[in-house]
Amino acid sequence: MKRTGLAMALLAAPMMVGGVAAQMRPVRPAPPVTVPSVVPVLEKACLPVAGGQPVAAGIAAAKSLGFAVTAAQGGLATLRQGAMVLNLAPGNCVLTLEHSGMAEFPHVDHELTGWLPRLGRYWAGGMQADAAGLNARKFRAGGHTVLIWEMADEGERQLNINIGK
């Protein structure tokens with residue numbers, strides 16, 4: 001009797017596995033992470049302001065790239081396009097990518113290391129990372145200082161790029 005039960009179980013096992021496999025659905029891969037290109041924003045809106053042009057010129061350039069003014073007072077302005085926030089002040093520009101993940105920093109760092117040498121004399125500092133895995137790096141190109149750093153605030157990660165003299 002024990003042998004008969006064991007034999008029946010062995011014969012039924014392939015049918016059960018086949019039945020379970022037939023019910024399983026294929027797993028769709030996650031969509032690729034898309035990181036917005038920051039060079040057009042930095043080139044058209046940030047560099048002129050960091051180079052000494054009025055903030056109004058940076059606002060006009062950012063509007064042509066699809067940014068909307070969310071706040072402006074005196075020589076300061078904040079503009080937004082989706083998850084990108086642009087803060088302009090005389091001689092300074094900060095571009096923030098909100099809700100960023102771990103893939104954004106390497107992508108933006110690679111984009112900057114390809115673009116910044118075109119501005120003139122170029123220097124790139126070493127990559128710095130803290131215990132939380134947040135990165136930072138400093139560049140100097142064409143008379144501008146460029147800082148890129150990650151922040152985590154209330155569990156949300158963001159990437160910041162600052163261009164100034």
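Remember, predicted model here, so these are calculated numbers, not experimental data. (Residues numbered from 1 in each chain as written. Predicted model: local features only at pLDDT ≥ 70, side-chain atom pairs only at ≥ 80, totals over all residues. Heavy atoms only, no water.)

(A) Spotlight on the overall build of the protein. For the protein, the count of helices and strands is four helices and nine strands. Along the protein, helices and strands appear, N-terminal first, in the series α-α-α-β-β-β-β-α-β-β-β-β-β. By the burial criterion, 33% of the 165 residues in the protein qualify as buried. Taking the intrachain contacts of the protein between residues at least 6 apart in sequence as the baseline, contacts between residues at least 24 apart amount to 44%. Accessible area of the protein: about 10200 Å², with a carbon and sulfur share of 61%. (Helix = DSSP H or I, 4+ residues; strand = E, 2+ residues; numbered from the N terminus. Buried < 20%, exposed > 50% of the residue type's maximum accessible area, 1.4 Å probe, protein only. Contact = heavy atoms within 4.5 Å. Areas by Shrake-Rupley, 256 points an atom, 1.4 Å probe, with all protein chains shown as cover.)

(B) Expanded view of the state of the cysteines. The tally for this structure, following the rule as stated, stands at one disulfide. Here Cys46 engages in a disulfide with Cys93; their sulfurs sit 1.9 Å apart. Remark: Cys93 occurs in strand 4 (residues 92–97) and Cys46 occurs in helix 2 (residues 39–50); sequence separation between them is 47 residues. For Cys46, a relative accessible area of 0% corresponds to the buried category. Take Cys93: its relative accessible area is 1%, and that puts it in the buried class. (Disulfide = S-S within 2.5 Å.)

(C) Focus on the nonpolar core. Residues Leu42, Leu86, Val108 and Leu112 are the most contacted members of the largest nonpolar core, which totals 35 residues. The dominant element in this core, judged by the number of residues it contributes, is helix 2, at eight residues. Leaving out residues up to four positions away in the same chain, Leu86 has contacts with Val41, Ala45, Cys46, Ala62, Phe67, Ala77, Thr78, Leu79, Cys93, Val94 and Leu95. (Core = buried A, V, L, I, M, F, W, Y, C linked by side-chain atoms within 4.5 Å.)

(D) Just the side chain of His144, in detail. Topologically, His144 is positioned in strand 8 (residues 144–153). Among all residues touching His144, those that are not within four sequence positions of it are Leu47, Ala50, Gly51, Phe139, Ile163, Gly164 and Lys165.

(E) Summary view of the pattern of salt bridges. Evaluation of the coordinates by the stated rule reveals three salt bridges. A salt bridge links Arg80 to Glu98; the shortest N-O distance between them is 2.9 Å. Remark: Glu98 occurs in the loop between strand 4 and helix 4 (104–115) and Arg80 occurs in strand 2 (residues 76–81); sequence separation between them is 18 residues. Classification of Arg80 as partly exposed rests on a relative accessible area of 34%. The partly exposed category is assigned to Glu98, whose relative accessible area is 22%. The partner of Asp109 in a salt bridge is Arg137, and the shortest N-O contact between them spans 2.9 Å. (Salt bridge = Lys/Arg side-chain N within 4 Å of Asp/Glu carboxyl O.)

(F) Focus on the pairing of strand 4. As paired strands, strand 3 (residues 84–89) and strand 4 are joined by six bridges and run antiparallel to one another. Note that in strand 4 the partner of Met84 across the bridge is Leu97. In this antiparallel pair of consecutive strands, strand 3 and strand 4, the connection spans two residues, and Gly91 shows a positive phi of 75°. Summarising the sheet, strand 4 and strand 9 (residues 156–164) pair through six bridges and their orientation is antiparallel. Looking at strand 9, one finds that Leu97 is bridged to Leu159. (Pairing = 2+ DSSP bridges.)

(G) Just helix 3 (residues 55–64), in detail. What helix 3 keeps buried is the set Val55, Gly58, Ile59, Ala61 and Ala62. Summarising the axial view, the buried residues of helix 3 lie within an arc of 165°, below the 170-degree limit, and thus occupy one face. Exposed residues lying more than 90 degrees from the buried face of helix 3 are Ala56, Lys63 and Ser64. Lining the buried residues of helix 3 we find helix 2, strand 1 (68–73), strand 2 and strand 3. Backbone geometry just downstream of helix 3 places Gly66 in the positive-phi region, at approximately 100°. (Arc of directions from axis to C-beta.)

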